[in-house]
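# Fold and contact review
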Amino acid sequence: MSLESQVRAVCGVNPDCSWGVLCAVRELLLLQRFETEQIVLNFEFPTTQDISFGNTYTGINERFVLETCGFVRLIKALVKATRMSLPAQLRVIIEQHDVRKLTLTSGIPDSVEELLSVIMERFQLQGNFGLMYQDKDFGKDFFTMTTTADVKDKDTVKLVQIEPTVILNLTTVDESEVDISSVQSDQSITPVSGDHYSADDSGSCSSRDTVLLPATCRSEPWPAKFKIPKFSHDVEMILQEANTAYHAQGTLFQNPSVKSDINQALADAIFYYTAYPTSLQILQVVEALLEKFPCLKEPGSFSGLYGWQQSLKYKMHNYRAKLRSRKLSFPEIDVNALKRKRASDRASAKNVKKPKRAEVNYLPAHPVGESGESLEKLRLDLLSEVKKKNNEKLIAEKMSKTFSSRRLEVVSSSPAVQDVKERWPALFSEAQIKDEFRRITTIRLEETFMSKLDGYTPRLLELMRAKGGVAGTKLRPILDAINQSLGIERKRDMVIQSLIEYLGESREELFHDCQEHDREGQAQHIMKILVVHGAPEEDPSDVAIVIEGYQAGQGVFSQMPDDVIYQ
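Residues numbered from 1 in each chain as written. Predicted model: local features only at pLDDT ≥ 70, side-chain atom pairs only at ≥ 80, totals over all residues. Heavy atoms only, no water.

The N-to-C vectors of helix H8 (residues 256–271) and helix H10 (residues 306–325) enclose an angle of 65°; their axes lie 9 Å apart at closest approach. Handedness of the crossing formed by H8 with H10: right-handed. Residues Lys-259, Ile-262, Asn-263, Gln-264, Leu-266, Ala-267, Asp-268, Ile-270 and Phe-271 of H8 lie in contact with H10, whose contacting residues are Gly-307, Trp-308, Ser-311, Leu-312, Lys-315, Met-316, Tyr-319 and Leu-323. Residue composition of the contact of H8 with H10, by class: ten nonpolar, four polar and three charged. (Axes fitted to C-alpha atoms, helices over the stretch in contact; angles between N-to-C directions. Helix = DSSP H or I, 4+ residues; strand = E, 2+ residues; numbered from the N terminus. Left-handed = near helix turned anticlockwise from the far one by under 90°. Contact = heavy atoms within 4.5 Å. Nonpolar A, V, L, I, M, F, W, Y, C, P; charged D, E, K, R; others polar.)

Listed below in structure tokens is the structure:
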């Protein structure tokens, strides 16, 4: 279709209207350089004496043209037709250091989707992108492009990568998920660069397979799904009959004496894991109870849970009170007794010391046959044992036996790091840090962390590769290093480094470089990883952790694999 036909069809121009008038308007638009808004507002239609081609008079007056052609619609149609027919050049910013020139021989496309398609095809790009244009009226800031009418010849556009939605399904860590003898990575995860991630790697599993725990310590964390204990025989029979009636007739069971027996059994089961269950844990127990025995739902309640939650909450309070009255040693309960609190804290709900997330053995009782005096003697023996060589097994046994005494000091007194170091120097070795973590949480620190890191690495890399902007530019060299054929330790190191950049954290807030002669002058740091260099521009000679101005964990660097590089 010719330009004349296009204009007449779009504008509904009378076929009798002279094409000379249309061409005259087009010539005037060309002189105005296609500034559409300016043309519509300031255009003055020429008189009939001014419109002629080759001395041929059009013979059409101004009134006829305005009324017949629809002047504003005519101008817009001519601008559109002219933009599509004349070639244009655009400056395209793909990345911070990748700027290219795009030549459009057929003019700027009519839609943003068409322009984006041309750019993707011309520069052979893959991915999900959006377009932004540079607006000169706002200090050359970039705005989201919604129409190509915002773009003219010699303008600048920018590609912005749209990040896909990646969902990481994090699950509760269970000791059963981690093989004690050999922790293997999930085989269903696609390996990166052909190498399988595995936590069973030399240098990564330095802690022992078994950590001795006194019999007074808990051995299991709170389960992912709470298992309702088996009640007494008579209660089980009553509940089975009540369940049958509920399924047949929808009848709810109510019996105060049976409810008391159920609460007692549930309290015993809860105390096996913790003395201070959270509201969420109590809710989990009640949901498991009503799932097994739906006849116990509370009548008149929307979910049937609330009454059971409140009764179980008060039952745990009474349960702890009874244990305290028996004059038995339950430090995690006795520590919150009013007589043991300071005068300013002597209120039942004030400054309650109880386990935080994942703490299983928060404040265990002393081992059977041991007292505070005997454990203090073992602590003094440890001060001399740490100075000897090749006696890690003996140190581990005594550290395990004195665990309750050490926890009592930490929970009750909240000592400074330097005081803990002076009283328990063995605790600051790598092996004992891992063992102490397992005593408190029953979870293997390094093996579990490495296993989970390896399992989530493919999806984390997918998320990071989709990152755009300044953070994406910083991540690119690290991701390129991961793609190379490197050792497992080096890959893990690179993934952690990329996480720091992805989350926008400042490396200076976590790491601090210093020279050997200046390492003692770092007391101003509350929490830092100190990277020590023998001389400027040299590789690190040691790594230490600074906590409250005190250096702990010195000599860690010598135990790390050679392929771990600190940047």
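Bringing the confidence of the model for the protein chain into the picture now. In the predicted model, the protein chain carries a mean pLDDT of 76, and the fraction of residues at 70 or more is 71%. The secondary-structure element of the protein chain with the lowest mean pLDDT is strand E2 (residues 56–57), recorded at 32, while helix H9 (residues 279–292) shows the highest, at 94. Confidence over residues 10–17 falls short of pLDDT 50; this stretch has 17 contacts with residues more than four positions distant or in other chains. Low pLDDT, under 50, characterises residues 31–69; the predicted model gives this stretch 54 contacts beyond four residues in sequence or across chains. (pLDDT = per-residue confidence, 0-100.)

The next thing to look at is the packing of aromatic side chains. Working definition: an aromatic ring pair is given by the centre-to-centre distance plus the angle between the planes. Tallied over the entire structure, the rule returns nine aromatic pairs. When the ring of Phe-271 is compared with that of Tyr-319, the centres are 5.4 Å apart and the planes differ by 45°; the resulting orientation is tilted. Separated by 48 residues along the polypeptide, Phe-271 in helix H8 and Tyr-319 in helix H10 bring together distant segments of the chain. On the basis of relative accessible area, Phe-271 is assigned to the buried category, the value being 13%. What links up through ring pairs into an aromatic cluster is the set Trp-222, Phe-226, Tyr-272 and Tyr-273. The ring of Phe-142 has Lys-158 sitting right over it, with the charged end atom 5.4 Å from the ring centre. (Phe/Tyr/Trp six-rings, centres within 6.5 Å; stacked < 30°, edge-to-face > 60°. Buried < 20%, exposed > 50% of the residue type's maximum accessible area, 1.4 Å probe, protein only. Lys NZ or Arg CZ within 6 Å of the ring centre and 35° of its normal.)

With that settled, consider helix H18 (residues 469–483). Here H18 contains 15 residues, and its C-alpha end-to-end distance of 21 Å stays within 8% of the 21 Å for a straight helix at 1.5 Å per residue. Within H18, the axis deviates most sharply at Arg-476, by approximately 35°, and proline Pro-477 lies no more than four positions further along. Where H18 is concerned, the buried positions are Gly-472, Leu-475, Ile-478, Leu-479, Ala-481 and Ile-482. The secondary structure elements touched by the buried residues of H18 are helix H17 (445–465) and helix H19 (488–502). (Expected span 1.5 Å × (residues − 1). Bend = angle between axes of the 7 residues up to and from the residue.)

Counting 35 residues, the largest nonpolar core has Phe-226, Phe-231, Leu-239, Ile-262, Leu-289 and Leu-296 as its most contacted members. Elements that contribute at least two residues to this core include exactly helix H7 (233–249), H8, H9 and H10. Considering each element in turn, this core owes the most residues, eight residues, to H8. Beyond its immediate sequence surroundings of up to four residues, Ile-262 is in contact with Phe-231, Val-235, Leu-239, Leu-289, Leu-296 and Trp-308. (Core = buried A, V, L, I, M, F, W, Y, C linked by side-chain atoms within 4.5 Å.)

Turning our eyes to something else, we now look at the pattern of salt bridges. All told, the structure shown has 18 salt bridges when counted by the stated rule. Among the ionic pairs, Asp-155 bridges to Lys-152, the shortest N-O distance being 3.9 Å. The class for Asp-155 is buried, based on a relative accessible area of 8%. Residue Glu-430 is joined to Lys-434 by a salt bridge in which the shortest nitrogen-to-oxygen separation is 3.1 Å. Here Glu-430 and its partner Lys-434 are both found in helix H16 (residues 430–441), four residues apart, which amounts to about one turn of the helix. Residue classification places Lys-434 among the buried positions, given a relative accessible area of 8%. Several salt bridges converge on common partners, so that one network encompasses Glu-376, Arg-379, Glu-409 and Arg-423. (Salt bridge = Lys/Arg side-chain N within 4 Å of Asp/Glu carboxyl O.)

Here we take up the pairing of strand E3 (residues 88–95). Note that E3 and strand E4 (residues 98–104) share seven bridges and pair antiparallel. Bridge pairing links Glu-95 to Asp-98 in E4. The hairpin turn running from E3 into E4, its antiparallel successor, is two residues long. Here three bridges tie E3 to strand E7 (residues 156–161), and the two strands are oriented parallel to one another. (Pairing = 2+ DSSP bridges.)

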